[in-house]
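Fold and geometry: a report
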Amino acid sequence: MSESSIIKSGNLIYHNRLDADFYKPTFLKMYRELDKISKKYPLVNLIDLIVCPVRTGKTPTEREPLEDGTDILFIKTDSVRKGFINYGVADLLPLKEHNKQKLTSLKYGDIVVTVVGATHEIIARAGLYLKKE
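Residues numbered from 1 in each chain as written. Predicted model: local features only at pLDDT ≥ 70, side-chain atom pairs only at ≥ 80, totals over all residues. Heavy atoms only, no water.

What follows covers the overall build of the chain. What the chain contains, in helices and strands, is two helices and six strands. Taking 14 Å as the expected radius of gyration for a compact globule of 133 residues, we find that the chain reaches 21 Å, considerably beyond that expectation. Along the three orthogonal principal directions, the C-alpha set of the chain runs to about 65 × 35 × 25 Å. For the chain, buried positions account for 18% of its 133 residues. A fraction of 40% describes how many contacts in the chain between residues 6 or more apart in sequence connect residues 24 or more apart. Carbon and sulfur atoms form 58% of the exposed surface of the chain, whose accessible area is close to 11000 Å². The positive charge centre, built from 21 side chains, and the negative charge centre, built from 17, are 7 Å apart in the chain. (Helix = DSSP H or I, 4+ residues; strand = E, 2+ residues; numbered from the N terminus. Rg over C-alpha atoms; globule rule 2.2 N^0.38 Å. Buried < 20%, exposed > 50% of the residue type's maximum accessible area, 1.4 Å probe, protein only. Contact = heavy atoms within 4.5 Å. Areas by Shrake-Rupley, 256 points an atom, 1.4 Å probe, with all protein chains shown as cover. Lys, Arg positive; Asp, Glu negative; His and termini not counted. Charge placed at Lys NZ, Arg CZ, Asp CG, Glu CD.)

Next comes the structure, spelled out in structure tokens:
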């Protein structure tokens, strides 16, 4: 079903965006709800909450586990759900590949946030890393 909105130029919001999808009735309803929430609870930019450097990881080229007792957990987007990391579905990664990416190794208390994904449900998943080893 087609949706349409008529917006007066004086009512353009968010830096005078003109793309039609931005003004679909369903999105406009969502923005109104967010506006109500922001009046009750002040909005904060994510950058203002960050207290340590953000590190980004990449998928190693060699991911096949050796299954010799040296493999380690490899946390990916499919193991991050509802604030936690499901270690039971995490992949394994050869230790030698992990050692090539030392800057992105997780430490207790790190927050993992997905920044890419095939669907909207995957983007911005977050989980707390609570493994101590």
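Alright, that's what it looks like, and here's the rest.
Moving on, we come to the layout of surface pockets. Its boundaries defined by the atoms lining it, the largest pocket holds a volume of some 1500 Å³. What lines the largest pocket is a set of 35 residues, and nearest its centre among them are Arg55, Leu106, Ile111, Val112 and Val113. Listing elements by their share of the lining of the largest pocket, those giving two or more residues are strand E1 (72-74) and strand E5 (111-113). Its residues placed into classes, the lining of the largest pocket shows 20 nonpolar, 10 polar and five charged. (1 Å grid on protein atoms, 1.4 Å probe; cavity = no way out; pocket = protein on both sides within 12 Å on 5 of 7 lines; lining within 4 Å. Points joined across faces, edges and corners; volume = space filled by probe spheres on them. Nonpolar A, V, L, I, M, F, W, Y, C, P; charged D, E, K, R; others polar.)

To continue, consider the sheet that holds E5. Strand pairing within a sheet occurs via backbone hydrogen bonds; the two strands may be parallel or antiparallel. The mixed open sheet is built from four strands, whose spatial order is E2-E3-E6-E5. Since the sheet does not close on itself, it has two edges, and those belong to strand E2 (80-81) and E5, each with one partner. Sheet topology note: the strand E3 (residues 83-85)/strand E6 (residues 126-128) ladder contains two bridges and is parallel. Paired with Gly83 across the bridge in E6 is Gly127. (Pairing = 2+ DSSP bridges.)

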